[in-house]
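# Close look at the chain arrangement
Residues per chain, in single letters:
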Amino acid sequence: MSPTHFSVKSLSGKIFNTVLVFTIAVILAFSAIITVLFYFSYEREAEASLAEQARDAATYLNETPSDENVPALLAQFAGQVRYTLIASDGDVLFDSASDEGEAENHGNRPEVKEALADGHGSVFRYSETLKTDTLYSAVKLDDGSVIRLAETRHSLVAFAATMIGPLAVALAVVVLSVFVLSRLLTRRIMKPIDALNFTEPLENEIYEEMDPLLERIDEQQRMLKQQTREIARAETMRRDFSSNVSHEMKTPLQVISGYAELMKNGLVDPEDNRKFAGLIYEEAQAMRSLINDVLILSRLDEAAVGDRDQAIDLYAVAQSVANRLVSFSDAEGVSVVIEGESACIAGTDTLVEEMLYNLIENGIRYNHEGGNVTVRVGNDGAGPIVRVSDTGVGIPEEMHDKVFERFFRVDKSRSKETGGTGLGLAIVKHAVMYHGGSIEVKSKLGEGTSFILRFPEMDGGARGRSAATGR
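So, here is what we can say about the structure in this document. (Residues numbered from 1 in each chain as written. Predicted model: local features only at pLDDT ≥ 70, side-chain atom pairs only at ≥ 80, totals over all residues. Heavy atoms only, no water.)

### Details of the overall build of the protein
Scanning the protein for helices and strands turns up twelve helices and twelve strands. When contacts within the protein are restricted to residue pairs at least 6 apart in sequence, long-range pairs at least 24 apart make up 62% of them. Of the accessible surface of the protein, which amounts to about 27,600 Å², a share of 55% is contributed by carbon and sulfur atoms. (Helix = DSSP H or I, 4+ residues; strand = E, 2+ residues; numbered from the N terminus. Contact = heavy atoms within 4.5 Å. Areas by Shrake-Rupley, 256 points an atom, 1.4 Å probe, with all protein chains shown as cover.)

So, in structure tokens, the structure goes:
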């Protein structure tokens, strides 16, 4: 079972249980409310009916001679309702449910007091005589006595108890109906969800409320696909890089191994030993440069090149690099000029030096005798900017983007002759990006090349450190 199917099935069960429990809870609450309302409505009707009977009895007694009151009561009002005739002083003259001779004075009863004062009184209370909840209704007669009717009533709990049987049957029927309807409703709700196509989330026709979720899923899928492509691309680049490194190292190793073997076997004339040793040294230096460049790129890929919060003056670094390359530029007959002003960035000093070193060295390496390399440092308002321009061979326009690829060479034969590793501009690009900057190349074949490096403005904290260190 797929995780998606399992989660949808689980959701279906939760919806069904929620609907069922909620519906049953509502039915129970509704039943309780209806029972209470029905009880009080029924009691109000009973109270009104008893009051009407009391008035009818009073009318009848008022029209009957006083000496015939008791016999008339006995003859006309026997039944479920209790009748009590009370004198104005509270003495019980007649009680249909007990011996009036044993009855205590009723003058203090609320319904009697209310009837004597207002002509009519009603009250609901617990009867100590009958030991039940009783409804009383009393009416004052013309002769000053009071006729009181009493009727035993169920309490709310007792009334509810009488309703348990019918309610249980009705509730069982309703619960069964709700169970079936909940199942049908849940299936209807879940049908579009069960049919969801998560491969193409936005192609689903479903409730509008789920659109944001599907859009989010689609966005995440696109991000995952992009990440997968980037990982695949990175893996391809890693394999290509490893292959290129192996290939680049194979040539100098073969040369070193070959010349060393000749010298070991004594196959080299003594006067040629110096020449062969020089060739071995040059190839070893080429391997050393290649290994250094590979290590720098590896650290850049892993973002492990050191503290990038150092305050670095690009102008001072450019002058330092130019001084280090004086012997090389003199040997090539190329002049190097540093122009501009101080411009600071937050970064890693060794990486910034490597970046400018590669650009200036390339400007010298791919130049012609009598040419020049100009490095201009300054600020353009958006942040520090460095422009490294040369009067060399230039780069064809269609190769401007490719020159930053690892081991890419515009002129492979010339690169081999000049000793380039093919990693210099790749290091430059990664170093610039590591410092949050951008690099742009402007060049035409035979008209020289310019590399423009732009960096973000240095924050206040780095400025403070720069001032403190005097850089």
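### Structural notes on the pattern of salt bridges
The full count for this structure, using the stated rule, is eight salt bridges. Salt-bridge contacts for arginine 109 lead to glutamate 104; the nearest nitrogen and oxygen are separated by 2.6 Å. A salt bridge links arginine 324 to glutamate 353; its shortest N-O distance comes to 4.0 Å. Within this pair, whereas arginine 324 is found in helix α7 (residues 314–324), its partner glutamate 353 is found in helix α9 (residues 349–365), the two being separated by 29 residues in sequence. In this structure glutamate 353 comes out as partly exposed when scored by relative accessible area, which is 29%. (Salt bridge = Lys/Arg side-chain N within 4 Å of Asp/Glu carboxyl O. Buried < 20%, exposed > 50% of the residue type's maximum accessible area, 1.4 Å probe, protein only.)

### Considerations on a nonpolar patch on the surface
Together, Phe30, Ile33, Ile34, Leu37, Phe38 and Tyr42 give the surface a local cluster of nonpolar side chains, amounting to about 620 Å² of exposed area. If you trace the backbone, phenylalanine 30 turns up in helix α1 (residues 3–62). In this structure phenylalanine 30 comes out as exposed when scored by relative accessible area, which is 54%. (Patch = residues over 30% accessible without salt bridge, like charges linked within 9 Å, V, L, I, M, F, W, Y side chains within 5 Å.)

### Things to note about helix α11 (residues 424–434)
Within α11, eight of the eleven residues are buried, which leaves it mostly tucked inside the rest of the structure. Within the sequence span of α11, burial applies to Gly424, Leu425, Ala426, Ile427, Val428, Ala431, Val432 and Tyr434. Looking one or two residues beyond α11, the residue adopting positive phi is glycine 436, at roughly 75 degrees.

### A short note on the packing of α7 against α9
At a minimum axis separation of 9 Å, α7 and α9 run at an interaxial angle of 55 degrees. When the axes of α7 and α9 are compared, the pair comes out oblique. The handedness of the crossing between α7 and α9 is right-handed. Across the interface between the two elements, Leu314, Val317, Ala318, Val321 and Arg324 of α7 pack against Val352, Glu353, Leu356, Tyr357 and Ile360 of α9. The class makeup of the residues in the contact of α7 with α9 is eight nonpolar, no polar and two charged. (Axes fitted to C-alpha atoms, helices over the stretch in contact; angles between N-to-C directions. Parallel < 35°, antiparallel > 145°, perpendicular 65-115°, else oblique. Left-handed = near helix turned anticlockwise from the far one by under 90°. Nonpolar A, V, L, I, M, F, W, Y, C, P; charged D, E, K, R; others polar.)

### A few points about the environment of serine 450
Structurally, serine 450 is set in strand β12 (residues 449–454). By relative accessible area, which is 14% here, serine 450 ends up buried. Remark: the alpha-carbon pair of serine 450 and threonine 374, spanning 76 residues in sequence, is separated by 9.2 Å. In contact with serine 450, other than residues within four places in its own chain, are Arg387, Val388, Ser389, Glu440, Val441 and Lys442. Reaching out from serine 450, the side chain makes a polar contact with the side chain of serine 389 at a distance of 2.8 Å. (Polar contact = N/O pair within 3.5 Å; in protein donor to acceptor, adjacent residues only side chain to side chain.)

### Looking at the sheet that holds strand β7 (residues 335–340)
Pairing within the open sheet is mixed, and its five strands lie in the order β7-β9-β10-β12-β11. The sheet terminates laterally at β7 and β11 (438–443), the two strands that pair on one side only. For this sheet, the mean inter-axis angle between neighbouring strands, taken without regard to orientation, is 15 degrees. Sheet analysis places β11 next to β12, joined by six bridges and oriented antiparallel. Bridge pairing in β12 places isoleucine 439 opposite leucine 453. (Pairing = 2+ DSSP bridges.)

### Observations regarding the side chain of aspartate 313
As for its position among the elements, aspartate 313 is in strand β6 (residues 310–313). By relative accessible area, aspartate 313 is classed as buried at 10%. Of the polar contacts made by the side chain of aspartate 313, one reaches the backbone nitrogen of tyrosine 315; its length is 3.0 Å. Excluding residues within four positions of it along the chain, aspartate 313 makes contact with Ser342, Ala343 and Cys344.

### Structural notes on the nonpolar core
Core analysis: the largest hydrophobic core is formed by 39 residues, its most contacted members being Val386, Phe451 and Leu453. Listing elements by their share of this core, those giving two or more residues are α7, α9, β9 (372–379), β10 (384–390), α11, β11 and β12. By residue number, the principal contributor to this core is α9, which donates seven residues. Look past the residues within four positions of valine 386 in its chain and what remains in contact with it is Leu314, Leu356, Val375, Arg376, Val377, Phe451, Ile452, Leu453 and Phe455. Formed by 14 residues, the second largest nonpolar core is a distinct cluster that contains Ala54, Val81, Leu85 and Phe94. (Core = buried A, V, L, I, M, F, W, Y, C linked by side-chain atoms within 4.5 Å.)

### Remarks on the environment of asparagine 105
Its location among the elements puts asparagine 105 in the loop between β2 (92–95) and α3 (110–118). In this structure asparagine 105 comes out as partly exposed when scored by relative accessible area, which is 36%. In this structure, the C-alpha to C-alpha distance between asparagine 105 and glycine 90, residues 15 residues apart in sequence, is 5.1 Å. In contact with asparagine 105, not counting residues within four places along its chain, are Asp89, Gly90 and Asp91. Within polar-contact distance, the side chain of asparagine 105 engages the backbone oxygen of aspartate 89 at 3.2 Å.

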